[in-house]
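Notes for the structure review
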Amino acid sequence: MDRIDYQGDGIGLVDDKFRVAIPASLRSALATNSPRADGKDGGTVIVGVHESSPCLIAYDEGYRAVLKDRAALREAAYMAEHGAHNPNFRREASQGEPVPFDGSGRFIMPAFPKFHANIDTNAFFYGTFDCFEIWDPKTLLESNVAEVMKSCVRFHCKQKGIVL
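As a starting point, this report considers the structure included with it. Source: prediction; values computed, not measured. (Residues numbered from 1 in each chain as written. Predicted model: local features only at pLDDT ≥ 70, side-chain atom pairs only at ≥ 80, totals over all residues. Heavy atoms only, no water.)

1. Focus: the overall build of the protein
Rule in force here: Here a strand is any run of E in DSSP of at least two residues, a helix any run of H or I of at least four, and the numbering for each starts at the N terminus. Two things to know: the radius of gyration comes from C-alpha atoms, and the globule rule equals 2.2 Å times the number of residues to the power 0.38. Under the scheme applied here, a residue whose accessible area is under 20% of the maximum for its type counts as buried, over 50% as exposed, and between as partly exposed, the area being computed with a 1.4 Å probe on protein chains only. Here, two residues are considered to be in contact whenever any of their heavy atoms come within 4.5 Å of each other. Note on areas: Shrake-Rupley, 1.4 Å probe, and residue coverage restricted to the protein chains presented here. Counting rule applied: Lys, Arg positive; Asp, Glu negative; His and chain ends not counted. Where a charge lies is defined by one atom per residue type, namely NZ (Lys), CZ (Arg), CG (Asp) and CD (Glu).
Helix and strand counts for the protein stand at six helices and eight strands. Relative to the globule expectation of 15 Å for 164 residues, the C-alpha radius of gyration of the protein, 16 Å, shows essentially globular dimensions. Principal-axis analysis of the C-alpha atoms gives the protein an extent of 55 × 40 × 30 Å. Taken across its 164 residues, the protein has 40% of its residues classed as buried. Residue pairs in contact within the protein that sit at least 24 positions apart in sequence constitute 61% of those at least 6 positions apart. Just so you have it, the protein exposes about 9200 Å², and 52% of that area is on carbon and sulfur atoms. One way to put it: in the protein the 19 positive side-chain charges average out to a point 4 Å from where the 22 negative ones average out.

Okay, here's the thing in C-alpha cells:
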C-alpha cells in the first residue's frame, strides 16, 4: 500500500479530559495509512514527544518502523565513531503511545506528552509529510520554526478568536 502524506493544518480545543480532534485533512491521511481491521471509521494514532522540537509528533503504525530504522542507523553511526553504544537514540525514537481516535478524529491526548509539549487548551496541528506535529500555539511562536508555520498558527487562532 502506498502511504498518503500528512499535509494540512488546523487548531483544536483540548477539553478538561484531554480530548481533541485531529483536523479533517490529517485525519483522512491517518485513516488511509492505518485503516481499522473492521472497516469502521476511526483507528489508532501514535502520539509522542518530538526528538528535537518542543512539540509532539503523531503518526500511524507504519511510520513506527521508519523511526526504528532511523534510530538504528544513528546508533550504528555513533558506535562506529565512538566505539560505544548510546541507548538514547532508541529511547528518543520509541517514546510514543498508541491511542484510539473516533470517526470525527477525536482522541485523548496522552498526559505526559501533553505536559512535555506545554499544551493546555489549544493544540495546533501541522502536517510534515511522514507525520504531523502538535504544538501549543504560544510555544510554536517562540520556537525556531518556519515563518509559514507561525503565520499559519496566527491565522487559525485569529479565525477561532484565540488571543495569543
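There's plenty left to go through after this.
2. Observations regarding the pairing of strand β8 (residues 132-135)
The criterion, for reference: When DSSP locates at least two bridges between a pair of strands, those strands are taken to pair.
Here β8 shows a buried face lined by Phe-132 and Ile-134 and a second buried face lined by Glu-133 and Trp-135. Where strand β4 (residues 56-59) and β8 come together, three bridges link them in antiparallel fashion. Of the residues in β8, the one forming a bridge with Ala-58 is Phe-132. Across four bridges, strand β7 (residues 122-127) lies against β8 in antiparallel orientation. In the sheet register, Gly-127 faces β8, and the bridge partner there is Phe-132.

3. Concerning helix α2 (residues 61-82)
Note the threshold: For a helix, the expected span equals 1.5 Å multiplied by the number of residues minus one. Read the arc as the range of directions from the helix axis to the C-beta atoms.
Helix length check: α2 (22 residues) gives 32 Å between terminal C-alpha atoms against 32 Å at 1.5 Å per residue, within 8%. Every buried residue belonging to α2 is among Tyr-63, Leu-67, Ala-71 and Glu-75, and all of these are buried. End-on, the buried residues of α2 take up no more than an arc of 120°, which puts them together on one face. Exposed residues pointing more than 90 degrees away from the buried face of α2 are listed as Leu-73 and Ala-80. Looking one or two places after α2, you find Gly-83, whose phi comes out positive at around 70°.

4. Quick word on the packing of aromatic side chains
Selection rule: Each pair of aromatic rings taken from Phe, Tyr and Trp, with Trp reduced to its six-membered ring, is defined by centres within 6.5 Å and is described as stacked if the planes are under 30 degrees apart, edge-to-face if over 60, and tilted in the remaining cases.
For the structure shown, the criterion picks out five aromatic pairs. Here the aromatic rings of Phe-125 and Phe-132 are separated by 6.1 Å at their centres, their planes lie at 45°, and the arrangement is tilted. For Phe-125, a relative accessible area of 0% gives the class buried. The buried category is assigned to Phe-132, whose relative accessible area is 0%. Three or more aromatic residues joined by ring pairs make a cluster, and in this case those are Tyr-6, Phe-125 and Phe-132.

5. Digging into the nonpolar core
For clarity, the threshold we go by: Side-chain atoms within 4.5 Å are what join buried Ala, Val, Leu, Ile, Met, Phe, Trp, Tyr and Cys residues into a set we call a nonpolar core.
One finds Ile-22, Val-45, Phe-107, Phe-125, Phe-132 and Ile-134 to be the most contacted residues of the largest nonpolar core, which totals 22 residues. Secondary structure elements with two or more residues in this core: α1 (24-33), β3 (43-49), β4, β5 (97-101), β7 and β8. Not counting the four nearest positions on each side in its chain, Ile-134 is found in contact with Cys-55, Leu-56, Ala-58, Phe-107, Met-109, Ile-119, Ala-123, Phe-124 and Phe-125. Listed in part, the eleven residues of the second largest apolar core include Ile-11, Leu-140, Val-145 and Met-149.

Don't take any of this as a statement about function, it's just geometry.
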